[in-house]
Amino acid sequence: MTAQLIDGIALSKKIRFEVAQRAKALKEIGIQPGLAVILVGDNPASQVYVRNKVKACEESGIRSVMEKYDGSMTELALLERVAALNSDPAVHGILVQLPLPAHIDAHKVIEAISPEKDVDGFHVASAGALMVGQPGFWPCTPYGCMKMLDSISYPLKGKHAVVIGRSNIVGKPMALMLLQQSATVTICHSATPDLKAMTLQADVVVAAVGKINVLTADMVKPGAVVIDVGMNRNQDGKLCGDVDFESVRQVAGWITPVPGGVGPMTITMLLVNTLTAAERLGRAH
Ligand code: NAP
């Protein structure tokens, strides 16, 4: 068997087209959706991520404001900027690019963002809303994974999903989203004694670890759906995921590639969240 690809680039294109249509409809009633992106310091990877997010906004009709600050910015100054953006009616979404310099408490900064503008979905209020199934913003990466499953009309109800990784931004919210769709969910992490015993039972595996070849062909049930969130560099400096793609694609039923899988979907769901924020806030005014 050779797995079918779930193409994150093609799916992103389709969703971004819908985002652009929604942005146009908002503009017609006088609302220009706006995202503020704050970058502190000069982390090269963060600079690339932020540039890609700003570019994606522009292409979809979302106004984006990039605020770049020196790495010596104080926590207080950053909190004041967030407060100013919270009360700016032209800004519907606020994103503070992580990681922040060590002298700034990232949790404190995220909690300072108004939950109505928390388009990254990292605020405790957003996490709580997801937990209890109330409307809120879902973290973009697991949200993108759910859209990928949706794109193949995969019936999650009653299926066994195994999530490898338990971070607050990927693994845990991913597990909650799968649970919400009535999958039976197992969460694995670095203390899981026999990962293979778990993944071999899985109809869906989501790998969100950050280590090359965490999932190999002998660990996958034939026909399973494999979603690879990992972003790693191999010995040649090439971008690759957590999954041994070439071997696993011979066993799985569906698989996401890296690059061209979850990565583009993450940015796409940021656009979706920003549009949703603009629609909600626009309606409230
Ligand atoms: P993270 O915070 O470092 O979490 C990694 C998780 O993997 C932890 O829960 C850890 O367990 C677990 N883990 C580590 N080694 C393991 C092993 N051998 N077996 C099973 N579990 C193991 O990372 P993250 O932020 O969730 O990101 C995960 C990966 O996704 C990274 O490669 C990141 O770059 C990528 N990512 C990609 C996107 C995208 O847009 N494509 C977005 C976000 C993240 P413990 O909790 O026990 O330590």
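Preceding this paragraph is the structure being described.
Residues numbered from 1 in each chain as written. Predicted model: local features only at pLDDT ≥ 70, side-chain atom pairs only at ≥ 80, totals over all residues. Heavy atoms only, no water.

A. Representation of the overall build of the protein within the structure. On a plain count of helices and strands, the protein comes out with ten helices and eleven strands. For the protein, the residues scored as buried account for 49% of the 285 residues in total. For the protein, long-range pairs separated by at least 24 residues make up 70% of all intrachain contacts whose partners lie at least 6 apart in sequence. When the accessible surface of the protein is totalled, it reaches about 13300 Å², and 56% of it is carbon and sulfur. (Helix = DSSP H or I, 4+ residues; strand = E, 2+ residues; numbered from the N terminus. Buried < 20%, exposed > 50% of the residue type's maximum accessible area, 1.4 Å probe, protein only. Contact = heavy atoms within 4.5 Å. Areas by Shrake-Rupley, 256 points an atom, 1.4 Å probe, with all protein chains shown as cover.)

B. Expanded view of the sheet that holds strand β8 (residues 225-228). In spatial order, the strands read β1-β11-β8-β7-β5-β6; together these six strands make up an open sheet with parallel pairing. Each end of this open sheet is capped by a strand with a single partner; those strands are β1 (4-5) and β6 (184-188). Pairing of strand β5 (residues 160-164) with strand β7 (residues 204-207), which is carried by four bridges, proceeds in the parallel orientation. Of the residues in β7, the one forming a bridge with V162 is V205. Here helix α7 (residues 171-180) sits on the sheet in contact with β5, β6 and β7, set at roughly 170 degrees to β5. (Pairing = 2+ DSSP bridges. Axes fitted to C-alpha atoms, helices over the stretch in contact; angles between N-to-C directions.)

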